[in-house]
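Remarks on the overall topology
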Amino acid sequence: MQEKRHLFDEKKNVKRVLKALVLACVLTAGADLVYHRHVVHPFEGLWGFYAIYGFVACVILVLLAKEMRKLLMRDEDYYDRDD
Amino acid sequence: MIELPPFLLFYIAALVAAVLPRAPRLVLMLAVPLASCAMLLQLPTELSVNLVLMDLQLEPLRVDRLSRLFGILFHIGAFIGIVFSLHTRDRTQHVAALAYAGSALGAVFAGDLLTLFVFWELLAVSSVFLIFASRTERSYGAGMRYLVIQVISGVLLLAGALMLYGQSGSLRFEHIGLNGFASVLIFIAFGIKCAFPLLHNWLTDAYPEATPTGTVFLSAFTTKVAVYALARGFAGTELLVYIGAVMTCFPIFYAVIENDLRRVLAYSMINQIGFMVVGIGLGTALALNGAIAHAFNDVIFKGLLMMSMGAVLHMTGRMNGSDLGGLYKSMPVTTTFCIIGAASISAFPLFSGFVSKSMVMVAVLEEGHPVVWLALLFASAGVFHHAGIKIPFFAFFAHDSGIRTREAPINMLIAMGIAAALCIGIGVWPWMLYDLLPFQVDYTPFDGSHILAQIQLLVFSAAAFAWLKVAGIYPPELHSTNIDVEWLYRRLAPRWLRNTTALTRQAADLGGQACRNLGQKLMRLVLDHYGPEGTLARAWPTGSMVLWVAVLLGASLILFYL
């Protein structure tokens with residue numbers, strides 16, 4: 001019996017999610033042009049501050065974490081072994 | 001109405017549950033948090049019960065706005081955890097969970113440091129059984145390490161409390177502040193339970209080794225008792241702002257590369273406590289309210305995430321991101337609950353984390369800490385990344401692991417459903433919670449600027465994840481152990497001890513050898529002179545004797561005439 005095909009078994013649904021995400025990015029970044037956010041600190045008020053900060057923060061986080069692996073990663077049974 | 005301390009019902013229930021058969025035990029367990037919470041709500045909002053014990057002025061029960069809120073929170077946490085664990089046939093876990101919840105309640109209603117100490121240690125002793133209950137060699141080791149560290153925290157608290165008593169003659173638990181050695185001891189004691197950086201590793205070591213249901217209780221109580229204690233004892237201590245900022249940032253790096261999804265949540269827990277610690281360190285009404293509200297929300301959304309992972313572990317027996325994936329096909333309800341928890345921890349508008357985290361963030365900027373604020377913003381993006389996306393993605397989506405299972409047991413789904421309802425309820429009607437907070441603050445929870453800024457931050461974080469994943473840069477989930485501070489006491493110290501013992505033995509061997517050699521040399525010397533063949537044992541000829549006597553007499557004669 002063929003198993004039922006699920007939502008994300010279809011490649012086009014995955015593509016749709018990605019497209020929706022891009023659209024959300026464009027819309028929220030665009031909103032900064034028309035909506036004036038009130039701010040406590042000046043750099044908060046820069047155009048697209050939160051958007052750019054969020055993107056850059058996550059990329060840096062992942063790239064740094066990836067480098068950390070070289071230093072910190074050991075075998076799964078590292079502490080179980082007696083050497 | 002008699003004024004019973006809230007922990008009492010839980011302790012009695014724990015004793016009774018130890019002997020009760022399963023069916024009535026389950027009824028009892030469900031009834032206790034409800035009855036006890038009803039009793040708590042009956043108590044006056046300000047209450048102090050005093051007791052004199054051997055000249056010590058104790059206050060085993062003190063109710064005020066702060067302790068009351070934590071009391072209500074712990075009742076909710078206990079109830080959800082109990083519903084989630086109804087299906088287990090493990091009496092030990094049921095008894096331990098009741099005693100543990102009781103200890104947490106005892107600790108937040110403790111009006112003096114000695115009572116606090118007693119419950120502080122009972123928290124450790126009762127909760128460790130939830131870790132041992134996994135009944136694996138790993139969980140035994142992790143539980144023992146957990147217990148040792150928790151007991152050290154308690155001993156520091158007791159030492160600090162007694163020194164304070166010696167100085168001021170009072171054991172009352174009120175604002176302590178960092179001044180003097182005694183307060184530093186108490187600060188470190190709270191810091192250990194609060195998982196301060198470098199003191200944090202017991203949490204990420206032990207919590208993921210507990211049973212699927214045990215972790216839910218663990219994540220609710222111990223660290224939140226510590227947050228409560230810090231809020232009462234050290235509000236406004238500036239050092240906490242920086243400690244908290246470090247706590248929000250460093251665990252997220254570990255969370256990104258960690259494979260065990262419950263350990264990812266444990267790291268993310270330190271990150272969330274960081275926000276609370278920053279708020280406590282600022283000490284303004286807005287910041288404290290934010291910190292306390294965030295503690296409240298965290299118990300529920302972190303509980304929800306832990307429950308969804310517990311359900312996955314219960315159904316599949318696996319917890320590593322590398323082994324899971326595609327479970328949305330067979331566990332759609334659990335998937336939905338997990339996503340609600342993920343949205344709440346990521347502080348999506350209309351989910352519970354949004355308002356409480358914004359309160360702390362706004363307070364940080366208002367108090368003039370822009371660098372700390374940038375760190376917290378980095379951590380906010382990071383928490384969405386590792387807890388908001390990574391947890392649901394690797395467990396329920398990602399590549400199809402081929403695992404086909406059924407939906408979790410009904411009691412688990414109900415528990416997750418209650419938590420999810422609270423996440424959305426508090427998110428949409430924040431006043432339910434915010435009217436209970438200790439301070440009166442004028443704060444607009446839903447303001448266009450905050451909402452837009454937060455959505456931008458989250459959407460672009462998600463975009464970063466999607467881009468890294470599609471481009472193949474995102475680090476794959478790998479079977480691995482990542483070295484953390486625990487390396488010092490799990491690797492370095494044992495190795496050092498072993499080496500030192502080996503060295504000592506070598507030194508002793510060398511020393512012994514030298515002594516033996518010396519002894520032998522001495523013995524030979526004695527034998528040479530006094531032995532049967534020795535110089536002194538030789539027979540001397542009479543002639544030489546007479547000669548020597550003549551020499552001596554001659555000498556004395558010469559001396560006489562001189």
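Residues numbered from 1 in each chain as written. Chains lettered and ligands numbered in written order. Predicted model: local features only at pLDDT ≥ 70, side-chain atom pairs only at ≥ 80, totals over all residues.

This part is about the overall build of chain A. Summing up its helical and strand segments, chain A has 2 helices and 1 strand in all. Scanning chain A from its N terminus toward the C terminus, one meets helices and strands in the order α-α-β. Expected size for 83 residues packed as a compact globule is a radius of gyration near 12 Å; at 21 Å, chain A overshoots this value by more than 25%. The principal-axis extents of the C-alpha atoms in chain A amount to approximately 60 × 50 × 15 Å. Counting every position in chain A, which comprises 83 residues, the buried fraction comes to 14%. (Helix = DSSP H or I, 4+ residues; strand = E, 2+ residues; numbered from the N terminus. Rg over C-alpha atoms; globule rule 2.2 N^0.38 Å. Buried ≥ 20, exposed ≤ 12 C-beta atoms within 10 Å, placed from the backbone.)

To continue, consider the overall build of chain B. Tallying secondary structure elements over chain B gives 21 helices and 3 strands in all. Taken over the C-alpha trace, chain B has a radius of gyration of 33 Å; the compact-globule value for 562 residues is 24 Å, which it surpasses by more than 25%. Taken over the C-alpha atoms alone, chain B extends approximately 130 × 65 × 60 Å along its principal axes. If you take every contact in chain B between residues at least 6 apart in sequence, the share linking residues at least 24 apart comes to 80%. (Contact = placed C-beta atoms within 7 Å.)

What follows is about the packing of helix α14 (residues 332-345) of chain B against helix α17 (residues 410-428) of chain B. Residue and element names in this part refer to chain B. Where α14 meets α17, the closest approach of the two axes is 10 Å, and the angle between their N-to-C directions is 35°. The two elements α14 and α17 meet at a crossing, and its hand is left-handed. Together, Val333, Thr334, Phe337, Ile340, Gly341 and Ser344 of α14 and Leu413, Met416, Gly417, Ala420, Cys423, Ile424 and Gly427 of α17 make up the contact between the two elements. Partitioned by chemical class, the residues of the contact of α14 with α17 number 8 nonpolar, 5 polar and no charged. (Axes fitted to C-alpha atoms, helices over the stretch in contact; angles between N-to-C directions. Left-handed = near helix turned anticlockwise from the far one by under 90°. Nonpolar A, V, L, I, M, F, W, Y, C, P; charged D, E, K, R; others polar.)

Time to look at the interface of chain B and chain A. Opposite the 40 residues of chain B that make contact, chain A presents 36 residues. The dominant element in the side of chain B that touches chain A, judged by the number of residues it contributes, is helix α19 (residues 448-470) of chain B, at 17 residues. Split by residue class, the side of chain B that touches chain A holds 27 nonpolar, 10 polar and 3 charged.

Residues and elements named next belong to chain B. Domains assigned within chain B are domain 1 (1-233) and domain 2 (235-491). Its C-alpha centre places domain 1 at a distance of 23 Å from the equivalent point of domain 2. Counting residues at the interface gives 36 residues for domain 1 and 44 residues for domain 2. Listing elements by their share of the side of domain 1 that touches domain 2, those giving two or more residues are α3 (65-84), α8 (201-206), α9 (214-220) and α10 (222-233). (Domains from an automatic or database assignment.)

Right, let's talk about the pairing of strand β2 (residues 56-63) of chain B for a bit. Residue and element names in this part refer to chain B. The element β2 is extensively covered by neighbouring structure, given that 6 of its 8 residues are classed as buried. Pairing of strand β1 (residues 47-53) with β2, which is carried by 6 bridges, proceeds in the antiparallel orientation. Looking across to β2, one finds that leucine 51 is bridged to leucine 58. Between β1 and β2, which pair antiparallel one after the other, the connecting turn spans 2 residues, and methionine 54 there sits at a positive phi close to 45°. (Pairing = 2+ DSSP bridges.)

What follows deals with the environment of Arg68(B). Residue and element names in this part refer to chain B. As for its placement among the helices and strands, arginine 68 is situated in helix α3. Measuring from C-alpha to C-alpha, the distance between arginine 68 and valine 108 comes to 8.3 Å, with 40 residues separating the pair along the chain. Those residues in contact with arginine 68 that lie beyond four places of it in its chain are Thr45 and Val63.

In this model, Ala195(B) sits at a positive phi of 65°, which is unusual for a non-glycine residue. Position of Ala195(B) among the secondary structure elements: in the loop between α7 (181-194) and α8.

All names here are of chain B. Membership of the largest hydrophobic core comes to 201 residues, with the highest contact counts inside it found for Leu98, Leu304, Leu305 and Leu376. Top contributing element to this core by residue count: helix α13 (residues 285-316), with 19 residues. When residues of this core are assigned to domains, at least three fall in each of domain 1 (1-233) and domain 2 (235-491). Other than its neighbours up to four places away in sequence, leucine 98 contacts Phe10, Ala13, Ala14, Ala17, Met29 and Val32. (Core = buried A, V, L, I, M, F, W, Y, C linked by C-beta atoms within 7 Å.)

Let us now look at the packing of α7(B) against α10(B). Packed helices, taken two at a time, are described by their axes: the angle between them and the distance between them. All names here are of chain B. Here α7 crosses α10 at 145°, and the two axes come no closer than 8 Å. α7 and α10 meet at a crossing whose hand is left-handed. Residue-level inspection shows Ile186, Phe190, Lys193 and Cys194 of α7 in contact with α10, the latter providing Thr222, Thr223, Val225, Ala226, Val227, Ala229, Leu230 and Gly233. Grouping the constituent residues of the contact of α7 with α10 by class yields 8 nonpolar, 3 polar and 1 charged.

Helix length check: helix α21 (residues 542-561) of chain B, at 20 residues, gives a terminal C-alpha distance of 29 Å against a target of 28 Å (1.5 Å per residue), a fit within 8%. Burial within α21(B) is sparse, with just 0 of its 20 residues counted as buried. (Expected span 1.5 Å × (residues − 1).)

Time to look at α10(B). Over its 12 residues, α10(B) runs 17 Å from end to end, which matches the ideal 16 Å to within 8%, given 1.5 Å per residue. Taken together, the buried positions of α10(B) are Thr222(B), Thr223(B), Lys224(B), Val225(B), Ala226(B), Val227(B), Tyr228(B), Ala229(B), Leu230(B), Ala231(B), Arg232(B) and Gly233(B).

Here the focus is the confidence of the model for chain A. The predicted structure's coordinates, where accompanied by low pLDDT, should not be read in detail. Per-residue pLDDT for chain A averages 83, and the proportion of residues at 70 or more is 94%. Element-level pLDDT for chain A is lowest in strand β1 (residues 73-74) of chain A, with a mean of 84, against a maximum mean of 90 in helix α2 (residues 49-72) of chain A. (pLDDT = per-residue confidence, 0-100.)

This paragraph deals with the environment of Asp77(A). Within the secondary structure, Asp77(A) is located in the segment after β1. As a C-alpha pair, Asp77(A) and Val14(A) span 63 residues in sequence and 36 Å in three-dimensional space.

Model confidence for chain B is summarised by a mean pLDDT of 90, while 99% of its residues fall at 70 or above. As a predicted assembly, this complex carries a pTM of 0.88 together with an ipTM value of 0.91.

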